[in-house]
Amino acid sequence: MLLLIAFVFITGCSSQEAPQDSQAGTSSGTTGLASSAGAEGAIKAVVKDFWEAVRLGDADQAITLLSPFAQKCIRDNEYDFVPPASNTMKYKIGEVEIVDGNQAVVDSIWTDIDGDGNTYDEQMSLALRLVNGRWCIFGMAADMGPNQPPMVMNLESPEEFFGPQQSIATKPTTTVER
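In short, a report on the structure. (Residues numbered from 1 in each chain as written. Predicted model: local features only at pLDDT ≥ 70, side-chain atom pairs only at ≥ 80, totals over all residues. Heavy atoms only, no water.)

### Points about the overall build of the chain
When helices and strands are counted, the chain shows five helices and five strands. Of the regular secondary structure in the chain, the N- to C-terminal order runs α-α-α-α-β-β-β-β-β-α. Sequence-distant contacts in the chain: of pairs separated by 6 or more residues, those separated by 24 or more amount to 56%. Approximately 9400 Å² of the chain is accessible, and the part contributed by carbon and sulfur atoms is 52%. (Helix = DSSP H or I, 4+ residues; strand = E, 2+ residues; numbered from the N terminus. Contact = heavy atoms within 4.5 Å. Areas by Shrake-Rupley, 256 points an atom, 1.4 Å probe, with all protein chains shown as cover.)

Structure below.
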């Protein structure tokens, strides 16, 4: 799978900073652990909903699929999280790799058409965590090509990826206390 190393990096950066609840119950009465029946389907449903929101350019929907801590970081710091809408984008969701019962990595490939009319593929992996009985995206990693390390985006520490930003009113950059 693309980026097990990147996943370890994301987990290492965020696992102590964000609350985790791997034992939270689900509405069906199961423990909510990834090993329970249907976990893979639930994980793939989140990934499908996320890619569909990206395809449609629906930032509000895409953000709801992130972990609560990632949502807070992005909103509190006023980071732009605008998916690139594309009517021609298609995506394939690959295998789910469950890690430690409450985290998962899912490879995806999206295909689109560039400005010159050429088809291209992008490989992207999403890192998910079970939070309060719900699978949430907390990180992404993109394949940057042969002999290149993946680009890792820890959404629970967006300043690592987006860098500090200031509003139009030039207020000081804020950070999320950990």
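### Topic: the pattern of salt bridges
Scanning the model with the defined rule gives four salt bridges in all. Of the charged contacts, one joins Lys44 and Glu40 as a salt bridge, the two residues approaching to 3.8 Å between their closest N and O atoms. Placement of the pair is Lys44 and Glu40 together in helix H2 (residues 39-56), with a separation of four residues, close to one helical turn. For Glu40, a relative accessible area of 41% puts it in the partly exposed group. The salt bridge partner of Glu52 is Arg55, with a shortest N-O separation of 2.6 Å. Remark: Arg55 and Glu52 occur in helix H2; sequence separation between them is three residues, near one turn of the helix. (Salt bridge = Lys/Arg side-chain N within 4 Å of Asp/Glu carboxyl O. Buried < 20%, exposed > 50% of the residue type's maximum accessible area, 1.4 Å probe, protein only.)

### With respect to the packing of aromatic side chains
One pass over the full model with this rule turns up two aromatic pairs. Judged by centre distance (5.2 Å) and plane angle (65°), the ring pair of Phe50 and Trp51 falls under edge-to-face. Of the two residues examined, Phe50 and Trp51, each falls in the buried class. Measuring from ring centre to ring centre gives 4.9 Å for Trp51 and Trp110, while their planes differ by 75°; the resulting arrangement is edge-to-face. On the criterion of sequence distance, the pair formed by Trp51 in helix H2 and Trp110 in strand S2 (residues 103-113) is long-range, its members being 59 residues apart. The pair formed by Trp51 and Trp110 is uniform in burial state, with each residue classed as buried. One aromatic cluster is present, formed by Phe50, Trp51 and Trp110 through successive ring pairs. Over the aromatic face of Phe138 sits the side chain of Arg129, whose NZ or CZ is 3.9 Å from the ring centroid. (Phe/Tyr/Trp six-rings, centres within 6.5 Å; stacked < 30°, edge-to-face > 60°. Lys NZ or Arg CZ within 6 Å of the ring centre and 35° of its normal.)

### So, unusual backbone geometry
Backbone geometry places Asp100, a non-glycine residue, at a positive phi of 55°. Along the chain, Asp100 turns up in the loop between strand S1 (90-99) and S2. The backbone of Asn132 sits at a positive phi, close to 50°, despite the residue not being glycine. With respect to the element layout, Asn132 can be found in the loop between strand S3 (119-131) and strand S4 (134-142).

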